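Chain by chain, the residues:
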Number of protein chains: 2
Amino acid sequence: MDFNEKFTEYSGYFNKVLTEFCDNLTCKPQILAESMRYSLLLGGKRLRPVLMLAVGDLLGVDRDKLKNFALALELIHTYSLVHDDLPEMDNDDFRRGKPSNHKVFGTGNAVLAGDGLLNTAYSVLIKECRNGAEYVSASEFICDYAGVYGMIGGQSADLLHEGDGNYSEETLNFIYENKTAKLLTAAVVVPDIIGGGKHFSQLKTFGSDLGYLFQLTDDILDVEGSFASLGKSTGKDEKAGKYTAVSLYGLEACKLRADVCAERCRTIVEGINGDGEFLINFVNYVRNRKN
Amino acid sequence: MDFNEKFTEYSGYFNKVLTEFCDNLTCKPQILAESMRYSLLLGGKRLRPVLMLAVGDLLGVDRDKLKNFALALELIHTYSLVHDDLPEMDNDDFRRGKPSNHKVFGTGNAVLAGDGLLNTAYSVLIKECRNGAEYVSASEFICDYAGVYGMIGGQSADLLHEGDGNYSEETLNFIYENKTAKLLTAAVVVPDIIGGGKHFSQLKTFGSDLGYLFQLTDDILDVEGSFASLGKSTGKDEKAGKYTAVSLYGLEACKLRADVCAERCRTIVEGINGDGEFLINFVNYVRNRKN
């Protein structure tokens, strides 16, 4: 199976899990379930679930043990996008080429859809806690990395420094590490926690590097990409006066940094015993992505 | 100890737990920790923690076993107020006589403060899951009752029907049960789950009735109360065309309903072996509250 086929196999497996979850979402009023489903099924590449399943395969951890963690992570990722797109946050009217949640359901409902997605993620994770101590640890890891010492901290810093023109490298790194890298790190570390924790620090570094790479390529794409391929507005960062790696280092230096980062990621995967081909290709895919 | 002294003892104990939590909140950027602390320490009667500790005493469950559940519940309650006060939700500029979170920190930060409070509640609850199966069950109960089949569902219905003038009793009951009663029910059921679950269905009914009572008296106070004693705007419900029990049944019928509801609550407490005096006085306090 080549990379694209394997990617489709992983995301297809996950999409079944997600669709089943959405089918069973019977909460009332209807608009609540509908708005949650809308953002969950808006498409998206399912990067975090795919990553989690792929690391599971590398380490020999069965995907049945991981599917609910992947689901919870995607719920958390989706809630963060719904809240991030809100008018008083990033104010983005489009997500994945379609109107963002608050454009369809209104701001109030979008706030609640996000709250609902976040709360439901923890409903999934707390149920997993019945399966043993390593499941509690994995849930705890996701919660910490999604929370105020993780992703939410990154979003808060992002909002705080939006448009202030003070491009400090330290702040940039804080935002990228927390807002972007932490959830990706959770995706790759959870299979290791469930599998016995033999590669914890390697995979933590891998997640952090991959997150930085992802953010670097995001910044590059905001300059070079098009609305058609991204499904969201481009050139927004510059207009909004946002911190980006491109404004700090310049476009070419960013590409070099991305190359170095990708190489570090590949080296970590090569250092783990097992079939790392898909993950290496995943790194290359993130480096070269057009959307 | 009379009711007020005992109430102060319970809330004082909880406030120490909460203050310690706030002191240890070191997340960055500062505005994130600050905005979370602002709403947590805005005052508030700590009804849910007090209730939980009191039911714990009735059932002989040590407060050390309950304090983190009480903390998580107060975090959840507080996040719900922060998001509920947002301009596109209830749009309330005041909470407990002080500017609401978004008036002080801005809407974007208030969204994130709420997200942070919610996520941190689950950080507390997942840690509790290490203590055994009944702790997982208690965490699950809180999560379910706070979530899309509970409080969030109630908030969504509240938002949906705001100002539509269609006062159906069924919708009103759905909103009151979910938006208000579910978290109060979680407060009284958790000690029972930790203590062996002997009074589960009685306490569930107690929570539901107490929540309805609380909501009835809230509606009565919105008509009869003053800004000075409530610390929030009054007469808002009518202006906003909101569903309330007063508009559905009329003021006097509401008071009668509240009396019946309070009587049902007292009867349940009397049916449980132990010293229920404080809880009976608690019911009377809710019935007769001026704020």
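Further up the page is the structure itself.
Below: a short report on this structure. (Residues numbered from 1 in each chain as written. Chains lettered and ligands numbered in written order. Predicted model: local features only at pLDDT ≥ 70, side-chain atom pairs only at ≥ 80, totals over all residues. Heavy atoms only, no water.)

**Some details on the packing of helix α10 (residues 200-224) of chain A against helix α14 (residues 251-270) of chain A**
Residue and element names in this part refer to chain A. So the rule is basically this: Here the axes come from fitting lines to C-alpha atoms, over the contacting stretch only for helices, and the angles between their N-to-C directions go from 0 to 180 degrees. Numbering of helices and strands runs from the N terminus, with a helix taken as a DSSP run of H or I at least four residues long and a strand as a DSSP run of E at least two residues long. Orientation is classified from the angle alone, with under 35 degrees giving roughly parallel, over 145 giving roughly antiparallel, 65 to 115 giving roughly perpendicular, and any other angle giving oblique. What makes a crossing left-handed is the near helix being turned counterclockwise from the far one by less than a right angle; a clockwise turn instead makes it right-handed. Any two residues whose heavy atoms approach within 4.5 Å at even a single point are treated as in contact.
Taken N-terminus to C-terminus, the directions of α10 and α14 make an angle of 155 degrees; their axes are 9 Å apart at the nearest point. On the basis of their axis angle, the class for α10 and α14 is roughly antiparallel. Crossing of α10 over α14 shows left-handed handedness. Seen from α10, the contacting residues are Gln202, Thr205, Phe206, Asp209, Leu210, Tyr212, Leu213, Leu216, Ile220 and Glu224; seen from α14, they are Leu251, Cys254, Lys255, Arg257, Ala258, Cys261, Ala262, Arg264, Cys265, Ile268 and Val269.

**Overview of the pattern of salt bridges**
Residue and element names in this part refer to chain A. Convention followed: Throughout this description, the term salt bridge denotes a Lys or Arg side-chain nitrogen within 4 Å of a carboxyl oxygen of Asp or Glu.
Following the criterion strictly, the structure yields 32 salt bridges over all chains and no others. Glu9 is paired through a salt bridge with Lys6; the nearest N and O atoms lie 3.5 Å apart. Here Lys6 and Glu9 lie together in helix α1 (residues 3-23), a separation of three residues that amounts to about one turn. The salt bridge partner of Arg287 is Asp259, with a shortest N-O separation of 2.7 Å. You can see Arg287 sitting in helix α15 (residues 277-288) and its partner Asp259 sitting in helix α14, a full 28 residues away along the chain. Taken together, the shared-partner salt bridges connect Lys6, Glu9 and Arg63 into one network.

**A look at the relation of the copies chain A and chain B**
Basically, it comes down to this: Here the copies were fitted onto each other by least squares, based on C-alpha atoms from residues at pLDDT of at least 70 in both.
The two copies are related by a screw operation: chain A maps onto chain B through 180 degrees of rotation and 0.0 Å of translation along the axis, at an RMSD of 0.0 Å. The operation mapping one copy onto its partner corresponds to a two-fold rotation axis. Here 100% of the contact residues of chain A are again contact residues in chain B; the copies associate through an equivalent surface.

**A few points about helix α15 (residues 277-288) of chain B**
What counts here: One less than the number of residues in a helix, times 1.5 Å, gives the span that helix is expected to have. For every residue, the accessible area (1.4 Å probe, protein chains only) is compared with the maximum for its type, and the residue is labelled buried under 20%, exposed over 50%, or partly exposed between those bounds.
A rise of 1.5 Å per residue sets the reference length of α15 of chain B, with its twelve residues, at 16 Å; its end C-alpha atoms lie 16 Å apart and thus fit the reference within 8%. Among the residues making up α15 of chain B, those that are buried are Phe278, Leu279, Ile280, Phe282, Val283, Val286 and Arg287 of chain B.

**Brief notes about the state of the cysteines**
All names here are of chain A. For the record, the criterion: Criterion for a disulfide: a pair of cysteine sulfur atoms within 2.5 Å.
The final tally for this structure, using the stated rule, is zero disulfides over all chains. Residue Cys22 stays outside any disulfide, its sulfur separated by 10 Å from that of Cys27, the closest cysteine. Accessibility expressed as a relative area gives 1% for Cys22, which makes it buried.

**Quick word on the interface of chain A and chain B**
Convention followed: Note on definitions: buried area is the accessible-area loss of two parts on being combined, 1.4 Å probe, summed for both. Side-chain atoms alone can form a polar contact between residues adjacent in sequence; in general such a contact is a pair of N or O atoms within 3.5 Å, and within protein one must be able to donate a hydrogen while the other accepts it. All amino acids are sorted into three groups, where Ala, Val, Leu, Ile, Met, Phe, Trp, Tyr, Cys and Pro are nonpolar, Asp, Glu, Lys and Arg are charged, and the leftover types, Gly among them, are polar.
The interface of chain A with chain B comprises 49 residues on the first partner and 49 residues on the second. Carbon and sulfur atoms make up 67% of the area that chain A and chain B hide from each other, which totals about 4,100 Å². In this assembly, chain A and chain B are joined by four salt bridges. Notably, a salt bridge pairs Glu140 of chain A with Arg130 of chain B, separated by 2.3 Å at the nearest N-O pair. Connecting chain A to chain B are 14 residue pairs in polar contact (both at pLDDT 80 or more). Mapped by element, the contributors of at least two residues to the side of chain A that touches chain B are α2 (30-40), α4 (63-84), α6 (107-128), α7 (133-146) and α8 (151-161) of chain A. Take the side of chain A that touches chain B: its biggest share by element is 14 residues, from α6 of chain A. Residues of the side of chain A that touches chain B, tallied by class, amount to 26 nonpolar, 16 polar and seven charged.

**Some remarks on the nonpolar core**
To be explicit about the condition: Only buried residues count toward a nonpolar core, which is a set of Ala, Val, Leu, Ile, Met, Phe, Trp, Tyr and Cys residues joined through side-chain atoms within 4.5 Å.
Counting 197 residues, the largest nonpolar core has Ile76, Tyr122 and Phe282 of chain A together with Ile76, Tyr122 and Phe282 of chain B as its most contacted members. In this view, Tyr122 of chain A contacts Ile76, Cys143 and Ala146 of chain A together with Asn119, Tyr122, Ile126 and Cys143 of chain B; residues no more than four positions away in its chain are not counted.

**Some words on unusual backbone geometry**
Between Lys28 of chain A and Pro29 of chain A the backbone carries a cis peptide bond, its omega angle lying at -5 degrees. As for its placement among the helices and strands, Pro29 of chain A is situated in the loop between α1 and α2. Of note in this structure, Arg96 of chain A is not a glycine but carries a positive phi near 55 degrees. The topology assignment puts Arg96 of chain A in the loop between β1 (94-95) and β2 (98-99). The exposure class of Arg96 of chain A is partly exposed, given its relative accessible area of 25%. We note that Asn91 of chain B has phi near 50 degrees; this positive angle belongs to a residue other than glycine. Relative to the helices and strands, Asn91 of chain B is located in the loop between α4 (63-84) and β1 (94-95). Looking at Asn91 of chain B, the relative accessible area reads 42%, which means it is partly exposed.

The quantities given are spatial measurements derived from coordinates; they are silent on function.
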